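Here is how the chains run, residue by residue.
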Amino acid sequence: MTRFLAGGRLAVLVLSATLLGGCAGTGGADSAGTDTVAAPPPGSGFDYQLGGPYDPPEGATVVVRDRTAPPAGAGYDVCYVNGFQTQPDASAAFARDHPDLLLHVDGEPLVDPGWPDEYLFDTSRAENRRRLAAIVGPWIEGCRESGFDGVEIDNLDAFLRSEGATTASDNLALAEEYARIAHDAGLAIAQKNTPDLSSELRAAGYDFAVAESCREFDECAAYTEVYATVLDIEYTDELGAGGFDDSCAEPGRPSSMILRDPELVTPEDPAYRYASCGR
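Quick look at the structure, then. As the structure is a computational prediction, the values presented were derived from the model and not from experiment.

Moving on: the environment of F121. Inspection of the secondary structure puts F121 in the loop between β7 (115-119) and α4 (126-146). Separated by 22 residues in sequence, F121 and P99 place their C-alpha atoms 9.6 Å apart. In this view, F121 contacts G83, F84, Q85, T86, F94, L101, L102, L103, L132, V136 and T166; residues no more than four positions away in its chain are not counted.

Before going further, it helps to examine the sheet that holds strand β11 (residues 230-235). Think of a sheet as strands paired side by side through backbone hydrogen bonds, with each pair either parallel or antiparallel. Pairing in this open sheet of nine strands is mixed, and the strands run β1-β2-β3-β8-β9-β10-β11-β12-β13 from one edge to the other. In this open sheet, the two strands that pair with only one neighbour each are β1 (46-49) and β13 (274-276). Adjacent strand axes in the sheet meet at a mean angle of 20° when their direction is disregarded. Across four bridges, the pairing between β1 and strand β2 (residues 62-66) is parallel. Each bridged residue has a counterpart across the sheet, and for Y48 the counterpart in β2 is V64. Lying on the sheet, helix α5 (residues 168-184) is in contact with β8 (150-154) and β9 (188-192); it crosses β9 at an angle near 150°. Sheet strands in contact with helix α8 (residues 240-248) are β11, β12 (256-260) and β13, and its direction is about 170° off that of β12.

What follows covers the nonpolar core. With 44 residues, the main nonpolar core has V81, I140, V151, Y178 and Y206 as its most contacted residues. Secondary-structure elements contributing two or more residues to this core are β3 (76-82), α4, β8, α5, β10 (208-212) and α7 (220-224). In terms of nonpolar packing, the next biggest core, distinct from the first, is built from 18 residues, A188, A190, F208 and I258 among them.

As a further point, take the state of the cysteines. Counted according to the given criterion, the structure contains three disulfides. The disulfide partner of C79 is C143, and the S-S distance across this bridge is 2.0 Å. Negative torsions about the S-S bond denote left-handed disulfides, and the value of about -50° found for C79 with C143 makes this one left-handed. Here C143 lies in helix α4 and C79 lies in strand β3, a separation of 64 residues in the sequence. Considered together, C79 and C143 belong to a single accessibility category, that of buried residues. Residue C248 pairs covalently with C277 via a disulfide, S to S 1.9 Å. Across the disulfide from C248 to C277, rotation about the S-S bond amounts to roughly -80°, and the bridge is consequently left-handed. With C248 in helix α8 and C277 in the segment after β13, this pair connects stretches of sequence that are 29 residues apart.

With that settled, the discussion passes to the pattern of salt bridges. Side chains that carry opposite charge are capable of pairing whenever their charged atoms lie near each other. Throughout the structure, instances matching the rule amount to 14 salt bridges. Here D100 and R131 are joined by a salt bridge, their closest N and O atoms 2.5 Å apart. Here the residue D100 occupies a position in the loop between α3 (91-97) and β4 (104-105), and R131 occupies one in helix α4, the gap between them amounting to 31 residues. Residue D100 is classed as partly exposed on the basis of its relative accessible area of 39%. For R131, a relative accessible area of 24% puts it in the partly exposed group. Between E250 and R215 there is a salt bridge; the shortest N-O distance is 2.8 Å. One end of the pair, E250, is in the loop between α8 and β12; the other, R215, is in the loop between β10 and α7, with 35 residues separating them in the sequence. On the basis of relative accessibility, which here comes to 27%, the residue R215 falls in the partly exposed class.

For the rest of this paragraph, the subject is the pairing of β9. The side chains of a regular strand alternate, first on one face of the sheet and then on the other. Within β9, five of the five residues are buried, which leaves it mostly tucked inside the rest of the structure. Side chains of β9 alternate between two faces, with A188, A190 and K192 and I189 and Q191 buried alike. Across four bridges, the pairing between β8 and β9 is parallel. When the sheet's bridge partners are listed, V151 is paired in β9 with I189. Pairing between β9 and β10: three bridges, direction parallel. Paired with Q191 across the bridge in β10 is A209. What joins β9 to β10 is helix α6 (residues 198-203), and the crossover it makes is right-handed.

Three or more residues of α8 are buried, namely G240, F244 and S247. Each buried residue of α8 sits inside an arc of 75° when the element is viewed along its axis, so together they form one side. Those residues of α8 that are exposed and aimed more than 90 degrees away from the buried face are D245 and D246.

Each value, and the rule that gives it
Residues numbered from 1 in each chain as written. Predicted model: local features only at pLDDT ≥ 70, side-chain atom pairs only at ≥ 80, totals over all residues. Heavy atoms only, no water. Helix = DSSP H or I, 4+ residues; strand = E, 2+ residues; numbered from the N terminus. Contact = heavy atoms within 4.5 Å. Pairing = 2+ DSSP bridges. Axes fitted to C-alpha atoms, helices over the stretch in contact; angles between N-to-C directions. Core = buried A, V, L, I, M, F, W, Y, C linked by side-chain atoms within 4.5 Å. Buried < 20%, exposed > 50% of the residue type's maximum accessible area, 1.4 Å probe, protein only. Disulfide = S-S within 2.5 Å. Salt bridge = Lys/Arg side-chain N within 4 Å of Asp/Glu carboxyl O. Right-handed = clockwise from strand over helix to strand, strands pointing away. Arc of directions from axis to C-beta.

Rendered as structure tokens:
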């Protein structure tokens, strides 16, 4: 599940036939345009800076930041976009302006139980997916305009928290449209979590994976068997420093794996923690 989030602007997009009525998985990586984009190199040192930008640690050439922050410029920049839930600071405005694009329970927007200031998008209808892509698409395009090389789309797994109102197929259909938009903009696109759908997302055009706690929950193989590049973030409140050191020695681990504090704070905060395998 996501640990941090962000918000954006509107525009009109030309939308694919898949989004208008279909399910993901029909385009494939080649037809989605991945020949024109590049994922981060496998084994890269990286950092996950969603709590705020700062100078990357030594050896970190791949940096993930919120789309509202500038690229780090350390080598390869990944832009975080929330594609399936509202941002905490934009939830009230989204509910006011687009109430029919949110799931509701007893007349109130359905919230993520782990993040009660985030509302779940209603991806159950093709028309909703079209309109959501018209909102989120410009955020993705804005990442390229800002100078990012790739984009990470969060909360694909929101269907698991939808109380049965949306399905994996609903979210995969929208995820495939996000891949088309990203590739058309010249961005690689990352799967975020949801290991059970790795094969479907790779077929839909996704280029690499950003995984949280895959070692903690024994899920890393679901990513590494599908993608050459997997960026894994483990957390001090789960795996811990000792478990992280042990995991770094395991031959089957993702080649890019770091340990971070759960709030992803910046280095001036006493709670900041960062470690990277081999660095």
